[in-house]
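What follows is the residue order along each chain.
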Amino acid sequence: MSNNITKKYILGVDQGTTGTTTLVMDENWDIVSRGYIEHEQIYPKPGWVEHDPMEIWDKTKESIRLALEAGKIDIEEIKALGLDNQGETVMLWNKVTGLPVYNALVWQDKRTAEEADQLKEEWDEKIRNKTGLIPDAYFSALKIKWVLDNVEGVREGVAKGEILAGTLDTWLIWKLTGGKVYITDGSTAARTMLLNICQGDWDEEILEKLDIPRSILPDIHPSSKIFGYTDPAVFFNCKLPISASIVDQTAALFGQACFEPGMVKTTYGTGCFMEMNTGDEVVSSKNELLSIIAWRLGDKNTYALEGGVYITGAAVQWLRDGLQIIDNVAETEQMALSVPDNGGVYFVPAFAGLAAPYWDQYARGMMIGITGGTTRAHIVRATLEGIAFQVKEILDAMRKDSGIAIDVMRVDGGAVANKFLMQFQADILGIPVDVPEITETTALGAAYLAALGIGVFDSLDDIKDNWKLGKRFVPQMGTEERGKLCSNWSKAVERSRNWEKEIA
């Protein structure tokens, strides 16, 4: 291959829960092409959710290949690659064979719920103070412990120095570099419940408590720098700099150019996640939100408050694949608009429990208010409204924690294409909802950081100028109607809580 090919593009790779998206960005920060491919969701038992790491590795490369083909782009034209990952999902593998010792345990996986309850009883305040998180099966720590304790031969492999553990950024970077680079970044490490958020390193006391050897954990690096280069033997015969790694939700915060304290974005995906930039200070939550590292640039952390909803887009997929009452996600907008209201139906999609602000691992999904007059359209509308209600609960908690009067929310992700949902979201929040021109801000954030890592940008101000408003949704609902809808939603949530415990 000629070395005279002009390098003009940046790859942003978003390794998500249901699939992997690759964006090819040009020098004007327009999307040239896109590649997307789904991977399998594995459910061995109720409450267990797994991914095949080898499939994710293959599908990540396939996503990149599809993006390059769609844009008729040669891999040699790429300047750098930036990667974001799905966060708490974690795995262990044998560095000698290069093979996983077990499937990756997905962030939605609840097999360690009882252990999380016990940890909460014993160490709740300590975990919160050290990590900014709430003891929960959601995070990586207890998943790592489960594999160590339950998969035959793994502890012995650790003793021999053969076992590595990591979130999917660590796995993919290790694979991309042919096993030469074993790292994570501060934002992803902060999702494990093993990172001391103030010290910026693995917490020895928590590791000892959970019997997780530090030797199996990767080094922690900034979110933007050249970590290493792809190995041509495994990556399109190309040696390409990998210059960004970040967790998915704060990648979207970065992609939304929320660089000032108090700026808020919400990403609608499989779940739904809201982040508020809190600058260089850790804001401790009194309303069950998480204090996280948004990104680390050089030796400086930027922190954020986060509230997450486990099931949002996944509830719409369930209407399609589980109930089979819709043929595709796109038709939900018109179906919701075909009825004047929800017909008194409320849907709490607590398939995997409730996250912020409840942190109820035993809540389960519930639809209530069904009558003989309930139609498919009412169920679809209730599903979309349930997404918006959950987002409002998080925004309310964020306002209380920060003391900041949030007057606008930036949004992104697949669901922002649904005009009914975005208008209802603005109505139920009582503030404008801003959709940017580029809504795939997770992969975009990874691409921005990759460009920053190789010196394309000099500062965050250079990136901020690229953000462009696509459409603003302004609230149209009255205060009385909003209050009634939210009151009914709260009653529905209370009826869904602790269900699994009560029937056990």
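To be clear, the structure that these remarks concern was listed above.
Presented here is a report on the structure given in the accompanying data block.

Looking now at the sheet that holds strand β2 (residues 19–25). One open sheet accounts for six strands, arranged β3-β2-β1-β5-β15-β14; its pairing is mixed. In the strand order of this sheet, the two ends are held by β3 (31–38) and β14 (224–229), each with one partner. When strand polarity is set aside, the average angle formed by the axes of neighbouring strands in this sheet is 25 degrees. With five bridges joining them, strand β5 (residues 78–85) and strand β15 (residues 241–247) adopt parallel strand pairing. By the bridge assignment, glycine 82 is partnered in β15 with alanine 244. In the packing of helix α5 (residues 168–176) onto the sheet, contacts are made with β1 (9–15), β5, β14 and β15, and the angle to β5 comes to roughly 150 degrees. Set on the sheet, helix α13 (residues 441–453) makes contact with β1, β2, β5, β14 and β15; between it and β1 the angle comes to about 135 degrees.

A word on the environment of alanine 447. Note on placement: alanine 447 falls in helix α13. For the pair alanine 447 and glycine 255, spaced 192 residues apart in sequence, the C-alpha to C-alpha distance is 8.5 Å. If we skip the residues at most four places from it in the chain, alanine 447 touches Ile10, Leu11, Gly12, Met25 and Trp29.

Turning next to the pairing of strand β16 (residues 264–268). Summarising burial for β16: five of the five residues are buried, a large majority. What you see with β16 is no split at all: Val264, Thr266 and Tyr268 on one side and Lys265 and Thr267 on the other are buried throughout. Of the pairings in the sheet, the one linking β16 to strand β17 (residues 272–279) comprises five bridges and is antiparallel in character. Following the sheet pairing, threonine 267 is matched in β17 by phenylalanine 273. Linkage of β16 to β17, two consecutive antiparallel strands, is achieved through a turn of three residues. For β16 and strand β22 (residues 409–413), the ladder comprises four bridges, and the chain directions are parallel. Bridge pairing in β22 places lysine 265 opposite arginine 410.

Each value, and the rule that gives it
Residues numbered from 1 in each chain as written. Predicted model: local features only at pLDDT ≥ 70, side-chain atom pairs only at ≥ 80, totals over all residues. Heavy atoms only, no water. Pairing = 2+ DSSP bridges. Helix = DSSP H or I, 4+ residues; strand = E, 2+ residues; numbered from the N terminus. Axes fitted to C-alpha atoms, helices over the stretch in contact; angles between N-to-C directions. Contact = heavy atoms within 4.5 Å. Buried < 20%, exposed > 50% of the residue type's maximum accessible area, 1.4 Å probe, protein only.

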